[in-house]
Structure formats: C-alpha cells, structure tokens
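# Close look at the chain arrangement
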Amino acid sequence: MDSTDPAQLRRDYRREDLRRADLAADPVAQFRRWFDQAVAAQLDEPNAMVLGTSNGQRPSARTVLLKAFDARGFVFFTHYESRKATEIAAHQEVSLLFPWYGLERQVAILGRAERISAAESLSYFLSRPIGSRLGAWVSQQSAVIGSRSILEMQWEAMKRRFADGEVPLPPSWGGLRVVPFEFEFWQGRTNRLHDRFRYRPADPQAGGSSGGAWSIERLAP
C-alpha cells in the first residue's frame, strides 16, 4: 500500500460510543465534560479550535486558541484589524471546530461573534508572558510585510520602549466572544456509523445564550 495516497489512509474508530442518555441537557456543560477529558488525556493543544469566517463571498479558516468559556460563549483573542476580525465586524456568524483526534471526537459550534469589554481584554492581556504582550504591539496581523527581520527589529524597538516591563493593552488588540446558537458533538464509531448529536435552542427566538432549554437531535452519520 502506498502510504502517501490519502485514499489508502484508513482508520476504524472503536474507542467508545455516545448515547443520548450520556448527554448533558446543556451543551456548554457537555462541552466542559469533553474539554476536561481532552485535557486529562494530554492531547496536544486541547484548546485549539478552527475558526471559520466569511467576507460575504469567500470563507476563510484558521486555528486560534480558546482562552475562556462559560454560558455566555467562547472567547479568543486577536488583533482587531486582522482578517478574521474585519470579516467578523462585517459578518458576525462564525463556526468553531474542536478536532480532538486522540479521543476520536470533534465538537462543531455555530454562533455570533462580538467583542468583549476592554476590561476583560486587559485582564487577560496582563496575564500573558511579556514576550507575547510585546508581540501584540509589534504584529499588525494579516498586513503584508517585507521580511521577518522587520518584525524582529520592531520587537526589539518595543522591548526598549517598554523596558520597565509595563506593557499596556494595544488599542487594536482584544477578545472576541462567540455566542453559540448550535452545537454538534461527534464521536467516531466503527464502520463509519458515527454518533452525532445536535443541540439547538428549544425556542429559536430566545437563542442559546439566554439560558433557555435546548433541543437535542441525533443526526445520521
């Protein structure tokens, strides 16, 4: 078998099943259960998620890191002039995907992204290593640059500028919260008969972030 032929790469998922009776009534509680298990399993970057956005004509995707989640939504941080942030400013609906391959699982989330408060952004910013704080000042994320040496020179300049260690929050950097309105929990199963469950608000007018009830449906694999 040619191991470089993707059509020949095949794995049968046998780790475990997912039953309706196993699911929490609230999808954030179910996500926390699975997230905790991903962390306990020591998966690489269990908080890595693929963020999908659109400019209204073309989609784009990239991996970002989840930094907080609760009943209000899922928070990540970025430069507000980056491609993802400018697309979100124009089109709020986004997707998140957590690919936990080691557990033969994935979680897909649809939601609307919105900026968090400056106070929340500052609180997280101050918790970052100083190198990361300096990097937030240096990188004009998604802008075209001539070479890496430009970044390195700018980083050294910022290091001198903030030599006292007090690095303030950049005005164009902060958090975005994805307020979910749909979840899908996927567990790989043998013969490609995977278990899939979708959560949607029982009252579509209420929305998922209002603390209302959720309906749960099993989907065909």
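Refer to the structure printed above.
Described in the following lines is the structure provided in the data block.

The rules behind each value
- Residues numbered from 1 in each chain as written.
- Predicted model: local features only at pLDDT ≥ 70, side-chain atom pairs only at ≥ 80, totals over all residues.
- Heavy atoms only, no water.
- Buried < 20%, exposed > 50% of the residue type's maximum accessible area, 1.4 Å probe, protein only.
- Helix = DSSP H or I, 4+ residues; strand = E, 2+ residues; numbered from the N terminus.
- Pairing = 2+ DSSP bridges.
- Axes fitted to C-alpha atoms, helices over the stretch in contact; angles between N-to-C directions.
- Left-handed = near helix turned anticlockwise from the far one by under 90°.
- Contact = heavy atoms within 4.5 Å.
- Nonpolar A, V, L, I, M, F, W, Y, C, P; charged D, E, K, R; others polar.
- 1 Å grid on protein atoms, 1.4 Å probe; cavity = no way out; pocket = protein on both sides within 12 Å on 5 of 7 lines; lining within 4 Å.
- Points joined across faces, edges and corners; volume = space filled by probe spheres on them.
- Salt bridge = Lys/Arg side-chain N within 4 Å of Asp/Glu carboxyl O.

## Let's talk about the pairing of strand β5 (residues 93-100)
- Because side chains alternate across β5, one face comprises the buried residues V94, L96, F98 and W100, and the other comprises E93, S95, L97 and P99, none of which is buried.
- Sheet analysis places strand β1 (residues 48-54) next to β5, joined by three bridges and oriented antiparallel. Following the sheet pairing, L51 is matched in β5 by L96.
- Bridge count for β5 against strand β6 (residues 105-115) is eight bridges, and the pairing is antiparallel. Within β6, the position partnered with E93 by the bridge is R112.
- Two successive antiparallel strands, β5 and β6, enclose a turn made up of four residues, where E104 displays a positive phi of approximately 55°.

## Notes on the packing of helix α4 (residues 130-138) against helix α5 (residues 148-161)
- Their axes nearest at 9 Å, the elements α4 and α5 cross at an angle of 115°. Once α4 is placed against α5, the crossing between them reads as right-handed. Residue-level inspection shows G131, L134, G135, W137 and V138 of α4 in contact with α5, the latter providing L151, Q154, W155, M158, K159 and R161.
- Tallied by class, residues from the contact of α4 with α5 come to six nonpolar, three polar and two charged.

## Examining the layout of surface pockets
- Taken as a whole, the largest pocket holds about 300 Å³ of empty space.
- Around the largest pocket sit 18 residues that line it, and F77, T78, R128, Q141 and W173 are the ones nearest its centre.
- Where the lining of the largest pocket is concerned, the elements lending two or more residues are β2 (59-65), β4 (73-79) and α4.
- Its residues assigned to classes, the lining of the largest pocket shows seven nonpolar, seven polar and four charged.

## Some remarks on the pattern of salt bridges
- Following the criterion strictly, the structure yields 15 salt bridges and no others.
- Two residues, E16 and R105, come together in a salt bridge whose shortest N-O distance is 3.2 Å. One end of the pair, E16, is in the segment before α1 (27-40); the other, R105, is in strand β6, and 89 residues separate them in sequence.
- According to the relative accessible area criterion, E16 is partly exposed, its value standing at 34%.
- Look at the salt bridges and you will find they share partners, linking D70, R72, E120 and R177 into a network.

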